[in-house]
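Letter by letter, the chains look like this.
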Amino acid sequence: MSTTGEPSIEAAERLQGRTVEDSAAKQLPVPNVPDLSAFDMNGNLHMTSESMEKLHQASVETQSIMQKYRAAMREMQVRLEILDQDLNLKKHRNPIHHIESRLKTPASIYEKIGRYGYEATLENMERYILDIAGIRVICPYIQDVYSLFELLNRQDDLEIVKVKDYIASPKPNGYRSLHVIARIPVFFMDKKESIPVEIQLRTLAMDFWASLEHKLQYKKNIPESQSKFLKDELYDCAQQSAA
């Protein structure tokens with residue numbers, strides 16, 4: 001298993017078992033808002049049958065791809081739950097307090113592709129966005145975070161693609177968490193695919209801090225002076241919880 005960073009495009013395509021035909025089939029336009037020229041003076045939308053067929057095909061392809069990531073997310077969550085149950089049975093302790101999961105929306109995925117400087121296609125969605133499926137694992141202690149990561153790293157059918165340790169090296173605002181991108185094999189009716197899932201492992205204290213920081217960031221009615229004070233307080237809390 002590799003922890004050296006992002007896989008090459010060729011390696012990613014081999015892992016996902018793509019063929020030239022598969023790749024070409026996914027070069028479909030992202031379902032965007034129709035061009036203004038498609039509206040008449042009364043605001044009614046007029047689309048050709050060809051445009052409607054392309055839009056429908058892209059929508060079906062998007063749903064199919066999202067279903068794959070949903071399946072990978074469920075597979076990863078089950079693995080983590082099995083580890084937690086096994087440790088409880090053999091070591092009489094539970095390293096996982098609780099697990100949360102989320103699937104990015106197509107709109108947020110396409111926006112991220114654009115920020116990366118790539119054309120918003122379904123092909124690029126699978127090639128460049130590795131955190132479409134996400135699992136957040138909340139643990140009581142920091143030792144539990146690293147123990148769980150080590151247990152995942154031992155599973156020979158998982159590929160650890162990328163690791164960002166914000167616990168050892170917190171972000172400037174004090175954010176702390178262990179971020180892992182891992183590819184997990186998922187078996188479908190006619191094939192097997194290795195699909196990336198982002199796993200965030202953090203303690204209860206780190207999760208509470210992150211939740212407060214997130215709410216503060218998006219709360220618009222706080223005066224700037226008070227907002228700075230609260231952010232400084234949160235940073236101090238992050239430092240103390242790490243001690």
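Numbering of residues starts from 1 in every chain and runs along the sequence as written. Local features in a predicted model are, by the rule used here, given only for residues with pLDDT of at least 70; side-chain atom pairs are given and counted only at 80 or more, and totals for whole chains, interfaces and linings are based on all residues. Just so you know, side-chain values use all the structure's heavy atoms and leave hydrogens and water out.

Numbering of helices and strands runs from the N terminus; a helix is a DSSP stretch of H or I covering at least four residues, while a strand is a stretch of E covering at least two. Along the chain, the position of Glu-81 falls in helix H3 (residues 49-91). When a residue's accessible area, from a 1.4 Å probe over protein chains only, is under 20% of the maximum for its type it is buried; when over 50% it is exposed; and in between it is partly exposed. Take Glu-81: its relative accessible area is 34%, and that puts it in the partly exposed class. Along the sequence, Glu-81 and Asn-94 sit 13 residues apart, while their C-alpha atoms lie 9.9 Å from each other.

Quick look at the nonpolar core now. The definition of a nonpolar core used throughout is a set of buried Ala, Val, Leu, Ile, Met, Phe, Trp, Tyr and Cys residues joined through side-chain atoms within 4.5 Å. With 38 residues, the main nonpolar core has Met-76, Met-125, Val-137, Ile-199 and Leu-201 as its most contacted residues. Only H3, helix H4 (106-115), helix H5 (122-128), strand S2 (133-139), helix H6 (142-153), strand S4 (178-187) and strand S5 (192-203) provide two or more residues apiece to this core. Broken down by element, this core gets its largest block of residues, nine residues, from H3.

Where side chains of opposite charge bring their charged atoms close, a pairing between them can arise. By salt bridge we mean one thing: a side-chain nitrogen of Lys or Arg within 4 Å of a carboxyl oxygen of Asp or Glu. Per the counting criterion, the structure on display carries 14 salt bridges. Across the salt bridge formed by Arg-136 and Glu-100, the nearest N and O atoms sit 3.5 Å from each other. Of this pair, Arg-136 sits in strand S2 while Glu-100 sits in strand S1 (residues 98-103); the two residues are 36 residues apart in sequence, bridging distant segments of the chain. The exposure class of Arg-136 is partly exposed, given its relative accessible area of 29%. The residue Glu-193 makes a salt bridge to Lys-191 at a minimum N-O spacing of 3.0 Å.

One key point about sheets: their strands pair by backbone hydrogen bonds, in either a parallel or an antiparallel sense. For two strands to count as paired, DSSP must find a minimum of two bridges between them. If you walk across this open sheet you meet the five strands as S1-S2-S5-S4-S3, and the pairing is mixed. Looking at strand neighbours, the two that pair on one side only are S1 and strand S3 (159-165), the edges of this open sheet. Strand-to-strand twist across the sheet, computed as the mean angle between neighbouring axes with direction ignored, equals 25 degrees. In this sheet, S5 lies alongside S2 in parallel orientation, the contact comprising six bridges. The residue bridging Gly-134 from the neighbouring strand is Glu-198, located in S5. By definition, residues are in contact when any of their heavy atoms lie within 4.5 Å. Fitted lines through C-alpha atoms give the axes, limited to the stretch in contact for helices. The angle between two N-to-C directions lies from 0 to 180 degrees. Contacting S1, S2, S4 and S5, H3 runs over the sheet at an angle of about 170 degrees to S1. Across the sheet, H6 is in contact with S2, S3, S4 and S5; its angle to S5 comes to roughly 165 degrees.

Right, let's talk about the confidence of the model for the chain for a bit. Averaged over every residue, the pLDDT of the chain is 80; residues scoring 70 or more account for 68%. Predicted confidence for residues 1-37 stays below pLDDT 50, and this span has 58 contacts to residues more than four positions away or in other chains. You can read pLDDT as the predictor saying how much it trusts each residue, on a scale of 0 to 100.

Describing an aromatic ring pair means giving the distance of the ring centres and the angle of the ring planes. For Phe, Tyr and Trp, where Trp contributes only its six-membered ring, two rings pair if their centres lie within 6.5 Å, and the inter-plane angle classes them as stacked under 30 degrees, edge-to-face over 60, or tilted in between. As enumerated under the stated definition, the model contains two aromatic pairs in all. With a centroid separation of 3.7 Å and an interplanar angle of 5 degrees, the aromatic rings of Tyr-118 and Tyr-128 are classed as stacked. With Tyr-118 in the loop between H4 and H5 and Tyr-128 in helix H5, this pair connects stretches of sequence that are ten residues apart. On the basis of relative accessibility, which here comes to 21%, the residue Tyr-128 falls in the partly exposed class. Each ring, one from Tyr-166 and one from Tyr-175, has its centre 6.0 Å from the other, and the planes form 65 degrees; the classification is edge-to-face. For the pair formed by Tyr-166 and Tyr-175, the shared burial category is buried. Positioned over the ring face of Tyr-166 is Lys-171, at 4.9 Å from the centre of the ring. When the ring centre of Tyr-175 is taken as origin, the NZ or CZ atom of Lys-171, which lies over that ring, is 5.0 Å away. Charges are assigned to positions over rings by a cutoff of 6 Å between ring centre and Lys NZ or Arg CZ, combined with an angular limit of 35 degrees from the ring normal.

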